[in-house]
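As a plain string of letters, each chain reads:
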Amino acid sequence: VKAVSASGSPGVQEVRLPCGSCRYSDMSATDGSAIAPDIRIDTIPGMSRGADGRVRGVVVCRSEVEVVRRVLAMVPPASDGQAAPIYVLDRDGRLPLDSDWGGRVRLFQGSEADAAFLASRRSRIECALPECVATVLDGEAPLRAEIASGLRAIASEQSALAVDLGRDLAGRAARRGVDWWRDRFGLIIGGGSRRAGKVLVITSRYSTFIRHSAEDLVASLHRLGHEATLLMEPQDGETFTSIAYLRAIASIDPDLIVQINFPRWMMGPAVPQGWPHVCWVQDAMPHLFQAANTATPLDFVIGHIYREAMLRAGYASERMLEHPVCVSESKFHRAAAKPDRRLDCDVAYVSHRSESPDAFLTRFLRESAIPASAHQAVHAAKQQIDSVISRWGTAPAANELPGLAASLARSLGRAGDPKAADVLSYRFVRPYAEQVLRHETLEWAAEICRTRGLTLRLFGRGWERHETLGEFAAGSLEHGDDLRRCYQLAAVHLHASIEGCGHQRIAECAMSGGMPLCRRSWTDFYFNDWVASREFVLAGRPAEVYLSPSRWPAHFVANHVELLQLVRNRDRMGPNPAGWDHAYLQGIYAQVENSKVKPHDAPLPPRHARSLAVFGDPLEATFSTREELADRIVKAAERGSWREQMSQGIAKRAAECVGATRFAGRMIELVAAGLGVSASLPMSGYALPTEAVA
């Protein structure tokens, strides 16, 4: 707790005390003002703190504004934005009702304050109870015994209710099995007799992007005719107990439960087994790679698929669907945006990842458990990652990142430990590489804009503090119409990520009437070429000639538009340092074996999982060098027909490939197919509504 004088004088004292005995004392007053009595945050007798150490609520039994302010300072918001509510029991009625406490204070006044407070907590029995009390160390107005006993009584009611709900749901689950759910989903995706599915989508108000994604999914399910319910904390500051989840499952009896980034096992008894559950993976969170992650036949995963970790967890291939991007057609549309000088610029970039690569490295070393003696190994890995990014557009360097994580794990004494390699990959190697790629791209854009007199604006938190890009900081944007207008009013929006060109920002931008420019890796282009070549082969066209001695079936390039386009793209891309696995020799195309790069029997990914699918031409709206970026920026800055044609084409393909309505339909079909519902059943219920396209 950092204690600063109420008068704002600069003295600061930092006090570190064990959890549960936080103490606040204004020891820095230098202006002669009175020093307020000490305040301590204690656990209420008989109540227990959560395992994460987070404060769920604090009771204050005093009527001084200064005491309330100081308690607020002692219990700051958590990193995810959840701010513990402060319950002030002002029996004297002396506190002003209009005090600016940021919405965190719940004020109960008058002689019935205690009873009203307990009644409010009982009415929200599904939410966590306050477990702490602010003790002012002057001996006055301690926590009243009836408050502590009342909270303990409600806690007992919570425990009993959770047991009853759990018992009821366990009984239901015991009467059902995979066959029962197969029949149920057969009706949901059936033809004329199909019935609406009931879907429970669980989210949190403390994660902005995930909350928006969940809301978009619910809206899309409604458009498909399903009944979808969003479960989220009812008010800022509140946190759920297991009762909230158990009640929702008991009352809705959903056909499907969906959670973003959380597999069912992470919820323990709050989300019991026995209902189909989809984990929609949007981020590489560490718990996804833990050995404790054990899937059941009713557990599914969609989104970013970290295949090895998912297979170790027990997810069968038929219960996984790679679908990295999902974009709401209702939020991001091409209706004309009102002029806005702040948003109107030549080049824009939207991201909160303003931390420079060097700052990220410093923070990682500070926050990780890696001993100082091993920091040299991390710095060596850092240099290898820098080398990978330097070859990003000219070689299959992206394929080296997993090996760097395994090598770092070996240097840290964890050789052969796949979990350690996964954690290092997704907590250091990949995030650091991401920062290097993003910030190098922005430095290119800054130089181009300075040289050509163009405007560059960086939207998001923290850019004003960036060492070299601070001059371009333009503040944050709200997700929704502000972001949509920004996409449309800028000549181009930049995107760069080690995950490639498959990202929601690209689709959001084009669907909003904007022009996305994406940094392309060599791997992006190679993968696009391989898919296009395989599609040609799998189309089943009869061979026009056979190549000896192996009698490979071959075709004349000039006879096929697809082959002409592939040859043109390869010429534009330049030499392949790894060797192509398809050859175009003397005007003849043949599939050539090169299983080291990509085996020919590998299944083709669906269009929504292909990073360049929305672009049409894989090179026109992408770049891999500073010179290519300058060329695309100048084209778009003129705001000519090129920008409009490219934007419209990307938007149309994006709605089909990654639109939220398509995503919702594919999710339902994934569960149905994973349960064994016949693929021959009609899927007419998932035709995209006309208004969604518009």
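This section reports on the structure supplied with the text. Owing to the predicted nature of the structure, the values given are computational and were not obtained by experimental measurement. (Residues numbered from 1 in each chain as written. Predicted model: local features only at pLDDT ≥ 70, side-chain atom pairs only at ≥ 80, totals over all residues. Heavy atoms only, no water.)

**Some details on the overall build of the chain**
Here comes step 1: Counting its secondary structure elements, the chain contains 19 helices and 23 strands.
Here comes step 2: Split into buried and exposed, the 694 residues of the chain put 53% on the buried side.
Here comes step 3: Looking at the chain alone, contacts between residues at least 24 apart form 68% of all its contacts between residues at least 6 apart.
Here comes step 4: Taken as a whole, the chain presents about 30,400 Å² of accessible surface, with 52% of it coming from carbon and sulfur. (Helix = DSSP H or I, 4+ residues; strand = E, 2+ residues; numbered from the N terminus. Buried < 20%, exposed > 50% of the residue type's maximum accessible area, 1.4 Å probe, protein only. Contact = heavy atoms within 4.5 Å. Areas by Shrake-Rupley, 256 points an atom, 1.4 Å probe, with all protein chains shown as cover.)

**Observations regarding the packing of aromatic side chains**
Here comes step 1: Per the counting criterion, the structure on display carries 13 aromatic pairs.
Here comes step 2: Taken together, a centroid distance of 4.8 Å and an interplanar angle of 85° make the contact between Trp180 and Trp181 edge-to-face.
Here comes step 3: Judged by its relative accessible area of 0%, Trp181 falls in the buried class.
Here comes step 4: Judged by centre distance (4.5 Å) and plane angle (35°), the ring pair of Trp280 and Phe663 falls under tilted. You can see Trp280 sitting in strand β12 (residues 277-281) and its partner Phe663 sitting in helix α18 (residues 660-674), a full 383 residues away along the chain.
Here comes step 5: A residue is classified by how much of its surface remains accessible, and Phe663, at 0% relative accessible area, is buried.
Here comes step 6: Put simply, the rings of Phe360, Phe364, Phe428 and Tyr432 pair up and form one aromatic cluster. (Phe/Tyr/Trp six-rings, centres within 6.5 Å; stacked < 30°, edge-to-face > 60°.)

**Thoughts on the sheet that holds β12**
Here comes step 1: Taken in spatial order, the 6 strands make up an open sheet running β10-β9-β11-β12-β13-β14, and their pairing is parallel. Since the sheet does not close on itself, it has two edges, and those belong to β10 (227-231) and β14 (320-322), each with one partner. The mean angle between the axes of side-by-side strands here comes to 20°, regardless of whether they run parallel or antiparallel.
Here comes step 2: Pairing geometry for strand β13 (residues 299-303) and β14, over 3 bridges, is parallel. Pairing of Val301 across the sheet is with Met320, part of β14.
Here comes step 3: Contacts from helix α5 (residues 208-223) reach β9 (198-202), β10, β11 (256-260) and β12, with the element oriented near 165° to β10.
Here comes step 4: Contacts from α18 reach β9, β11, β12, β13 and β14, with the element oriented near 150° to β13. (Pairing = 2+ DSSP bridges. Axes fitted to C-alpha atoms, helices over the stretch in contact; angles between N-to-C directions.)

**Notes on the packing of helix α9 (residues 375-390) against helix α11 (residues 418-452)**
Here comes step 1: Put simply, α9 and α11 touch, their axes get as near as 10 Å, and they point 45° apart. With respect to α11, the axis of α9 lies oblique. Along this stretch, α9 crosses α11, giving a crossing that reads as right-handed. Across from Val378, Ala381, Lys382, Ile385, Asp386 and Ile389 in α9, the residues of α11 making contact are Phe428, Val429, Tyr432, Ala433, Val436, Leu437 and Glu440.
Here comes step 2: Of the residues belonging to the contact of α9 with α11, the class tally is 10 nonpolar, no polar and 3 charged. (Parallel < 35°, antiparallel > 145°, perpendicular 65-115°, else oblique. Left-handed = near helix turned anticlockwise from the far one by under 90°. Nonpolar A, V, L, I, M, F, W, Y, C, P; charged D, E, K, R; others polar.)

**Focus on the pairing of β11**
Here comes step 1: Counting buried positions along β11 yields 5 of 5 residues, so the element is predominantly enclosed.
Here comes step 2: The alternating pattern of β11 places Leu256, Val258 and Ile260 and Ile257 and Gln259 on opposite faces, both of which are buried.
Here comes step 3: The pairing of β9 with β11 spans 4 bridges and is classified as parallel. By the bridge assignment for β11, Val199 is matched with Leu256.

**Things to note about the pattern of salt bridges**
Here comes step 1: Here the structure, examined in full by the defined rule, presents 47 salt bridges.
Here comes step 2: Arg167 is the partner of Asp164 in a salt bridge, and the nearest nitrogen-oxygen pair spans 3.1 Å. Here Asp164 and its partner Arg167 are both found in helix α3 (residues 145-174), 3 residues apart, which amounts to about one turn of the helix.
Here comes step 3: Relative accessible area serves as the criterion here: at 54%, Arg167 is assigned to the exposed category.
Here comes step 4: We note a salt bridge from Asp179 to Arg182, for which the minimum N-O separation is 2.5 Å. (Salt bridge = Lys/Arg side-chain N within 4 Å of Asp/Glu carboxyl O.)

**Describing the nonpolar core**
Here comes step 1: Met515, Leu517, Phe615 and Leu629 are the most contacted members of the largest nonpolar core, which has 57 residues in total.
Here comes step 2: No other element matches helix α17 (residues 641-658), which puts 7 residues into this core.
Here comes step 3: Among residues more than four places away in sequence, those in contact with Met515 are Tyr487, Ala491, Val492, His493, Cys509, Ala621, Ala636, Trp642, Arg643, Met646, Ser647 and Ile650. (Core = buried A, V, L, I, M, F, W, Y, C linked by side-chain atoms within 4.5 Å.)

**Things to note about the side chain of Arg485**
Here comes step 1: Within the fold, Arg485 resides in helix α12 (residues 481-489).
Here comes step 2: Within the structure, Arg485 has its side chain in polar contact with the side chain of Asp482 (distance 2.9 Å). (Polar contact = N/O pair within 3.5 Å; in protein donor to acceptor, adjacent residues only side chain to side chain.)

**A short note on the sheet that holds strand β18 (residues 516-519)**
Here comes step 1: Strand order in the open sheet formed by 5 strands is β16-β15-β17-β18-β23, and the pairing between neighbours is parallel. The two strands at the open ends of the sheet, each matched to only one other strand, are β16 (456-459) and β23 (622-623).
Here comes step 2: Here β18 pairs with β23 via 2 bridges, running parallel. Its bridge partner lying in β23, Arg519 is registered against Phe623.

**A few points about the side chain of Ser425**
Here comes step 1: Locating Ser425 in the fold gives a position in helix α11.
Here comes step 2: Classification of Ser425 by relative accessible area gives buried; the value is 8%.
Here comes step 3: Sequence-distant contacts of Ser425, that is, excluding residues within four places in its chain, are made with Ala405, Arg430 and Pro431.

**Considering helix α16 (residues 626-637)**
Here comes step 1: Helix length check: α16, at 12 residues, gives a terminal C-alpha distance of 16 Å against a target of 16 Å (1.5 Å per residue), a fit within 8%.
Here comes step 2: Taken residue by residue, α16 has Leu629, Ala630, Arg632, Ile633, Ala636 and Ala637 as its buried positions.
Here comes step 3: Positive phi appears at Arg639, one or two residues downstream of α16, with a value of about 55°. (Expected span 1.5 Å × (residues − 1).)

**Topic: α5**
Here comes step 1: Over its 16 residues, α5 runs 23 Å from end to end, which matches the ideal 22 Å to within 8%, given 1.5 Å per residue.
Here comes step 2: Buried positions along α5 lie against β9, β10, β11, β12 and α18.

**Remarks on the packing of α9 against helix α10 (residues 401-411)**
Here comes step 1: Following both chains from N to C, one finds α9 and α10 inclined at 170°, their axes separated by 10 Å at the closest point. Judged by the angle between their axes, α9 and α10 are roughly antiparallel. The residues of α10 that touch α9, namely those facing Ala377, Val378, Ala381, Gln384, Ile385 and Val388, are Leu401, Leu404, Leu408 and Ser411.
Here comes step 2: Within the contact of α9 with α10, the residues separate by chemical class into 8 nonpolar, 2 polar and no charged.

**Quick look at the environment of Glu478**
Here comes step 1: Looking at where Glu478 falls in the secondary structure, it is placed in the loop between β16 and α12.
Here comes step 2: Taking the relative accessible area as the measure of exposure, Glu478 reaches 56% and is therefore exposed.

**Points about the environment of Gly674**
Here comes step 1: Along the polypeptide, Gly674 turns up in helix α18.
Here comes step 2: On the basis of relative accessibility, which here comes to 22%, the residue Gly674 falls in the partly exposed class.
Here comes step 3: Measuring from C-alpha to C-alpha, the distance between Gly674 and Arg182 comes to 8.9 Å, with 492 residues separating the pair along the chain.
Here comes step 4: Apart from the residues within four sequence positions on either side, Gly674 is in contact with Phe300, Glu318 and Arg319.

**What about the environment of Leu217?**
Here comes step 1: Along the chain, the position of Leu217 falls in helix α5.
Here comes step 2: Spatially, the C-alpha atoms of Leu217 and Phe663 are 8.3 Å apart, while their sequence positions differ by 446 residues.
Here comes step 3: With residues near it in sequence (within four places) discarded, Leu217 still touches Val201, Val258, Trp280, Phe663, Ala664 and Met667.

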